[in-house]
Amino acid sequence: MDDFTAFLHTLRVWDLPELPRFDPDTAPAAPLPLFRQWLRAAAGAGQPEPHTMTLATVDEASRPDVRTVMLHGADEQGWHFASHSTSAKGRQLAAHPEAALGFYWAAQARQVRVRGPVTAAPSAAGQADLHARSTGALAAALTGRMSGVLSSQAELEQTSDEAWERAQADPKTPAPTWTLYVLDPVEVEFFQGDARRRHVRLRYRRAGGDGWTKELLWP
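Along each chain, residues carry numbers from 1 onward, in the same order as the chain's sequence is written. With the structure being a predicted model, the display of local features is reserved for residues of pLDDT at least 70 and the display and counting of side-chain atom pairs for 80 or more, all residues being used for whole-chain, interface and lining totals. Side-chain descriptors were evaluated using all non-hydrogen atoms of the structure, hydrogens and water having been removed beforehand.

**As for the overall build of the protein chain**
Regarding its fold elements, the protein chain presents six helices and 10 strands. Structurally, the protein chain occupies a C-alpha span of about 55 × 55 × 40 Å along its principal axes. Out of the 219 residues belonging to the protein chain, those deemed buried represent 38%. What makes two residues a contact is simply this: any of their non-hydrogen atoms within 4.5 Å. Taking the contacts inside the protein chain whose residues are at least 6 apart along the sequence as the reference set, 64% of them involve residues at least 24 apart. Numbering of helices and strands starts at the N terminus; helices are DSSP runs of H or I of at least 4 residues and strands are runs of E of at least 2. Three exposure classes are used, based on accessible area relative to the maximum for each residue type with a 1.4 Å probe and protein chains only: buried under 20%, partly exposed in between, and exposed over 50%.

**Concerning the environment of His-72**
Mapped onto the elements, His-72 comes out in the loop between strand S2 (64-70) and strand S3 (73-75). Here His-72 falls in the partly exposed class, since its relative accessible area comes to 22%. Ignoring any residue separated from it by four or fewer positions in sequence, one finds His-72 in contact with His-80, Phe-81, Ala-82, Asp-129, Arg-133 and Leu-180. Polar contact is defined as a pair of N or O atoms within 3.5 Å, subject to the rule that within protein one atom must be able to donate a hydrogen and the other to accept it, and that residues adjacent in sequence are counted only when both atoms are side-chain atoms. At 2.8 Å, the side chain of His-72 forms a polar contact with the side chain of Asp-129.

**Remarks on the packing of aromatic side chains**
Under the pairing criterion, centres of Phe, Tyr and Trp rings, with the six-membered ring standing for Trp, must be within 6.5 Å; the plane angle then separates stacked pairs below 30 degrees from edge-to-face pairs above 60, leaving the rest tilted. For the structure on display, the rule yields 11 aromatic pairs. Relative to Trp-79, the ring of Phe-35 lies with its centre 5.2 Å away and its plane at 65°, an arrangement referred to as edge-to-face. Of the two residues, Phe-35 is situated in helix H2 (residues 31-44) and Trp-79 in strand S4 (residues 78-84); the sequence distance between them amounts to 44 residues. The same class applies to Phe-35 and to Trp-79, which are both buried. Joined through ring pairs, the aromatic side chains of Phe-22, Trp-38, Phe-190, Tyr-204 and Trp-212 make up one cluster.

**Examining the packing of helix H5 (residues 135-143) against helix H6 (residues 153-169)**
At a closest axis distance of 8 Å, the pairing of H5 and H6 adopts a crossing angle of 125°. Taken as axis vectors, H5 and H6 run oblique relative to one another. Two packed elements cross with a definite hand, and for H5 against H6 that hand is right-handed. Residue-level inspection shows Thr-135, Gly-136, Leu-138, Ala-139, Leu-142 and Thr-143 of H5 in contact with H6, the latter providing Leu-156, Thr-159, Ser-160, Ala-163, Trp-164, Arg-166, Ala-167 and Gln-168. Following the grouping adopted for this structure description, the nonpolar residues are Ala, Val, Leu, Ile, Met, Phe, Trp, Tyr, Cys and Pro, the charged ones are Asp, Glu, Lys and Arg, and the polar ones are all others, Gly among them. By residue class, the composition of the contact of H5 with H6 is seven nonpolar, six polar and one charged. Helix axes are fitted to C-alpha atoms over the stretch in contact, other axes to C-alpha atoms as well, and angles between N-to-C directions run from 0 to 180 degrees. Comment on the angle field: the value is read as roughly parallel under 35 degrees, roughly antiparallel over 145, roughly perpendicular from 65 to 115, and oblique elsewhere. Left-handed is the label given to a crossing in which the near helix is rotated counterclockwise from the far helix by less than a right angle, and right-handed is the label when the rotation is clockwise.

**A look at a negative patch on the surface**
Residues enter patches when they are more than 30% accessible in relative terms and free of salt bridges; like-charged ones are connected within 9 Å and nonpolar ones (Val, Leu, Ile, Met, Phe, Trp, Tyr) within 5 Å. In this description, accessible areas are obtained by the Shrake-Rupley approach with a 1.4 Å probe, and a residue is regarded as covered only by the protein chains that are shown. Any Lys or Arg side-chain nitrogen found within 4 Å of a carboxyl oxygen on Asp or Glu counts as a salt bridge. His is not counted, nor are the chain ends; Lys and Arg add positive charge and Asp and Glu add negative charge. We put the charge of a Lys on NZ, of an Arg on CZ, of an Asp on CG and of a Glu on CD. Taken together, the side chains of Glu-157, Asp-161, Glu-162 and Glu-165 present a region of like negative charge at the surface. Structurally, Glu-157 can be placed in helix H6.

**Concerning the pattern of salt bridges**
Note on pairing: side chains with opposite charge can pair once their charged atoms come close. Per the stated rule, a full pass over the model turns up nine salt bridges. Of the charged contacts, one joins Arg-206 and Asp-184 as a salt bridge, the two residues approaching to 3.0 Å between their closest N and O atoms. Here Asp-184 lies in the loop between strand S7 (178-183) and strand S8 (187-192) and Arg-206 lies in strand S9 (residues 200-206), a separation of 22 residues in the sequence. The salt bridge involving Arg-205 is made with Glu-215; its shortest N-O contact spans 2.7 Å. With Arg-205 in strand S9 and Glu-215 in strand S10 (residues 212-217), the pair connects residues that are 10 residues apart, well separated along the chain. By relative accessible area, Arg-205 is classed as partly exposed at 36%. The partly exposed category is assigned to Glu-215, whose relative accessible area is 21%. Salt bridges sharing common partners tie together Arg-113, Glu-189 and Arg-201.

**Quick look at the nonpolar core**
The term nonpolar core refers to a set of buried residues drawn from Ala, Val, Leu, Ile, Met, Phe, Trp, Tyr and Cys, joined through side-chain atoms within 4.5 Å. Of all hydrophobic cores here, the largest spans 30 residues; its most connected members are Phe-35, Trp-79, Phe-103, Val-112 and Phe-190. Elements that contribute at least two residues to this core include exactly H2, strand S1 (52-58), S4, strand S5 (98-105), strand S6 (110-120), S7, S8 and S9. Sorting elements by how many residues they give to this core places H2 first, with six residues. Ranked by size, the runner-up nonpolar core spans 12 residues in total, among them Ala-139, Leu-142, Ala-167 and Trp-178.

Shown next, in the form of structure tokens:
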């Protein structure tokens, strides 16, 4: 065993005085209310950035890709996130409009997984979402060129400074390629960790229309 592997073996998960309990029999008929409840609980338990999530897509050659992004909303339309349509994820979603989301809240030993088709909201919705956020968010969007090759750090600093000036001077400056995406869930899984590895896994699956079926999964 090498030193790094030995180090990994020293690490522990869910080093908490007590893990929350989850009774799947009390779960609501649809996943959205439970998701909102769990995210609020994670924030209340001190989980840093509970609204960040892993977004998985596939590229034009059907190779998987993954990154961490921010949740912009979760409502009856679906789970919302945003990016430039010209970014890697934007191009991937245009070619293969399906994605998966993963939330991990170590503070409560909980995970949520969401899968489904993704659509781009109307441009006006994307711009409204962007302009409701911070000056820094707008400046970053105006910097653009996400995932493009950068010639130097100096180029980024200059472009970023110019974008900050524009964002401060006009908080409603449009970023034409900024897009709000909506994942319409067909499957949502809730995972509650257990110290003895008897994890509770509850999966919701779309049953047609607005209905859902619920089923327990083996850990």
